[in-house]
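Here is how the chains run, residue by residue.
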Amino acid sequence: MRGRQATATALLWAGITAALVLATIAAFTLLPAHTPLGPTLRLWPPPEAGLGAVAPLDGWTVERGRGRVEVIDGILRLEAPRAEPYVLLRRPLPTRLEVRAFRVRAEARFAGFGGARTVEAARIHLAGRDAAGRLLPDRREDALNARSTRDWTNVRADLAPPPGAAAVELLVRLQRATGVLELRRLEVEPLVEAPWRRPLRVVLTLAWLSAFAAGALLLIRNAAHRLWAAAALAAAAAGLVLLLSPPDLLAILLPGPLVEALGRYESVPYLGHLGLAATLAFSAARAAGARTLALPALLALVVAAAGEALQLLSPGREASPWDALANAVGGLGGIGFALLAARFDGSRPGAGRAEDEPAAVIERALPLVPLRAAEAPDGRTPDPIASRVP
């Protein structure tokens, strides 16, 4: 009966957690995340261009190498040759403490060809600098990323500045992309966080903490192996710290060359998701003494989705279906290894111990001696040994 109650409680916990996943994703993806702050910055064409009051590229910094930057019929034109496919424009943006993102709108056209990687393209994106003026790592979030010939495109994207940026710049560049990039409208609008997000984040955070506390209590109360339960809780705590920590935390803590080396391989983050999910699932399954696949697999899938939904509670983070898939694969793999380990434990000599046998089996093994003999007619209890003597 206890096993049935534990299964019912686990299913109830999975249902509540799945509902939290849906509520969190719906709230942070369907509702507007930002509201405009202040006037729109018209970067191209300049507001005074028709009056001849300023130079066409006033306020911009040009890095062109062998490329060219020119204005033809009101269109800003960047051209990168094959010999050295690089040309770049920088424009500093006003930074305020409450600004969380910049909405970039443009009409752009790229006639040319880029490389195989996403950075080898016609790009419009943000760059940040620290207080010492050093350029921060590229977040690789673009308003425009074109690597092949296309017609005029309406560009609209909300881009967050890099964490810890003391100054923010808008970059228009051809980096290892040969061809011509044209702009006939470019605007930037500073954004602040929508007023509803902070109180909703607090409410959802409390709900998630309650769900995790209930899950931890459920695991502890039904744990067959306390040490494995402790390992599972430690893995869950480490996962929470990594999921809720600010983005680009590794870029802050690790040396720059190491971060760049890790960034060259897009599969590295997926390996982290796989390893953490597998460790958590293996430890939890071993702690609970799992012997079947169905219920642990269901819980692993729910936790995999929860791991991605949780990231939406951390400002600057986003949920990714590919990360959720990596979580699910790692979780199912960890459960599979736990079931194999359980079968190996059951096949070892001495695995079936006497204390694990049912009470009925133990009773049948006792001598057939009545525990309470019937009283004699004179009121005395007869001696069972003497009664068997002829």
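All residue numbers here refer to positions counted from 1 along the written sequence of the relevant chain. A pLDDT threshold of at least 70 governs which residues receive local features in this predicted model, and a stricter bar of 80 or more applies before side-chain atom pairs are shown or counted, although totals over entire chains, interfaces and linings include all residues. For the side-chain quantities, the full set of heavy atoms in the structure was used; hydrogens and water were omitted.

A. Layout of the confidence of the model for the protein. Each residue gets a pLDDT score, which is the predictor's confidence in that residue and runs from 0 to 100. Overall, the predicted model of the protein reaches an average pLDDT of 82, with 79% of residues at or above 70. Below a pLDDT of 50 lies the segment residues 385-390, which in the model reaches zero contacts outside its immediate sequence neighbourhood of four places, other chains included. In this analysis, two residues are considered to be in contact whenever any of their non-hydrogen atoms come within 4.5 Å of each other.

B. Main features of helix α3 (residues 226-244). The way it works is that DSSP assigns letters per residue, a run of H or I at least four long becomes a helix, a run of E at least two long becomes a strand, and they are numbered from the N terminus. Residue count minus one, scaled by 1.5 Å, sets the expected span of a helix. Taking 1.5 Å per residue as the helical rise, α3 with its 19 residues ought to reach 27 Å, and the 27 Å between its terminal C-alpha atoms agrees with that figure. Along α3, the residues classified as buried are A229, A232, A235, G239 and L243. Down the axis of α3, the buried set is contained in an arc of 125°. They therefore lie on one face. Across α3 from its buried face, at more than 90 degrees, point the exposed residues R226, L227 and V241. With a 1.4 Å probe rolled over the protein chains alone, any residue whose accessible area is under 20% of its type maximum counts as buried; one over 50% counts as exposed, and the rest are partly exposed. The reported arc concerns the directions from the helix axis to the C-beta atoms and nothing else.

C. Expanded view of the side chain of D130. For D130, the position within the fold is in the loop between β8 (122-129) and β9 (142-146). On the basis of relative accessibility, which here comes to 17%, the residue D130 falls in the buried class. Here D130 is in contact with L136, G164 and A166, once residues within four sequence places are set aside.

D. Quick peek at the pattern of salt bridges. A pair is scored as a salt bridge if a Lys or Arg side-chain nitrogen falls within 4 Å of a carboxyl oxygen belonging to Asp or Glu. This structure, assessed with the given rule, holds 23 salt bridges. R105 is the salt-bridge partner of E189, the closest N and O atoms lying 3.3 Å from each other. Taken together, the residues E189 in strand β12 (residues 178-193) and R105 in strand β7 (residues 101-113) connect sequence positions 84 residues apart. Relative accessible area serves as the criterion here: at 11%, E189 is assigned to the buried category. One salt bridge in this structure joins R109 and E182, with 2.6 Å as the shortest N-O distance. With R109 in strand β7 and E182 in strand β12, this pair connects stretches of sequence that are 73 residues apart. A residue is classified by how much of its surface remains accessible, and R109, at 27% relative accessible area, is partly exposed. A cluster of three or more residues bridged by salt bridges with shared partners is formed by R68, E70, R77, E79, R109 and E182.

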